[in-house]
Amino acid sequence: MRKPISIMAVLFCFLVFSYARAENEPSRVLDLKEKIIEVQNQGDLGIRGIVACSKINGYGSYVPLENLKIKNGSRLLMYFEPENYFTKKNKGKYEILLIEDLLVLNEKGDILWGREGAVNYNYSSTQPMLDLFITNAIEIKGLPAGRYTFKAVLNDKLKSRNAVNTLLFEVVE
């Protein structure tokens, strides 16, 4: 009769250990997220590639355009991922504040169109946001056929830094 009791004791200890380990998992994951935020906060702000798309489904999920020839009167849809944006921890919340300016330039580098503060990403949550993406859509109207540059200027208001990236495209009739 002692064997069934010892087997039950071992099983009980195993269940208690497994439960304690499972209870500890969320804090281990949160600790890792905090370390990632620390590394991101120390890194240089960047824009990971601007991609012209026909469709954007979500983070890292999009259909890139096969060529960058855009018909006049159509819409140019773009996707990019900010890198090393600053996350501020404030009273139990995680805060991110990114502002994006959009510009369209001709081949000479002259600004043809611009919009300051076109995208305002203001995030505040009890959970950290480790990865995010930004989409831009501009209507291509009234531009003569030719080559142009789309320029994104990302301003991190909490880090007091900015990053710039460009996408070359061609307008066709």
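Look up a bit, the structure's there.
One structure accompanies this document, and this report is about it.

Conventions and cut-offs
Throughout this description, residue numbers start from 1 for each chain and increase along the sequence as written. Two thresholds apply to this predicted model, a pLDDT of at least 70 for residue-level local features and 80 or more for giving and counting side-chain atom pairs, whereas whole-chain, interface and lining totals are computed over all residues. Note: side-chain values were computed over all heavy atoms of the structure, leaving out hydrogens and water. Between Lys or Arg on one side and Asp or Glu on the other, a salt bridge is scored when a side-chain nitrogen of the former is within 4 Å of a carboxyl oxygen of the latter. Helix numbers and strand numbers start at the N terminus; a helix is a DSSP run of H or I with at least 4 residues, a strand a run of E with at least 2. The classification of residues rests on relative accessible area computed with a 1.4 Å probe and restricted to protein chains. Under 20% of the type maximum is buried, over 50% is exposed, and intermediate values are partly exposed. When two rings of Phe, Tyr or Trp (its six-membered ring) have centres within 6.5 Å they constitute a pair, described as stacked for plane angles under 30 degrees, edge-to-face for angles over 60, and tilted for the intermediate range. Only strands that DSSP links by at least two bridges are regarded as paired with each other.

**Some words on the pattern of salt bridges**
Consideration 1: Counted under the stated rule, the structure contains three salt bridges.
Consideration 2: The residue E34 makes a salt bridge to K89 at a minimum N-O spacing of 3.2 Å. Taken as a pair, E34 in helix α1 (residues 2-42) and K89 in strand β5 (residues 88-90) lie far apart in primary sequence, 55 residues in all.
Consideration 3: Relative accessible area serves as the criterion here: at 25%, E34 is assigned to the partly exposed category.
Consideration 4: Across the pair R48 and E83 runs a salt bridge whose closest N-O atoms are separated by 3.0 Å. With R48 in strand β1 (residues 46-58) and E83 in strand β4 (residues 75-83), this pair connects stretches of sequence that are 35 residues apart.
Consideration 5: Classification of R48 by relative accessible area gives partly exposed; the value is 39%.
Consideration 6: Ionic contacts of the salt-bridge type, sharing partners, join the residues R48, E81 and E83 into one network.

**Things to note about the packing of aromatic side chains**
Consideration 1: With the rule as written, the count across this model stands at four aromatic pairs.
Consideration 2: Considering the side-chain rings of Y79 and F133, the 5.4 Å spacing of their centres and the 20 degrees angle between planes classify their relative orientation as stacked. You can see Y79 sitting in strand β4 and its partner F133 sitting in the loop between β7 (111-125) and β8 (134-139), a full 54 residues away along the chain.
Consideration 3: Counting every residue linked through ring pairs, the aromatic cluster contains Y62, Y79 and F133.

**Side note on the pairing of β1**
Consideration 1: As judged from the six bridges shared by β1 and β4, these two strands associate in the antiparallel manner. Counted as the bridge partner of I47 is P82 from β4.
Consideration 2: Examined bridge by bridge, β1 and strand β2 (residues 61-64) share four bridges and lie antiparallel to one another. Each residue of the ladder has a partner; that of G58, found in β2, is S61.

All we've got here are geometric facts, nothing functional implied.
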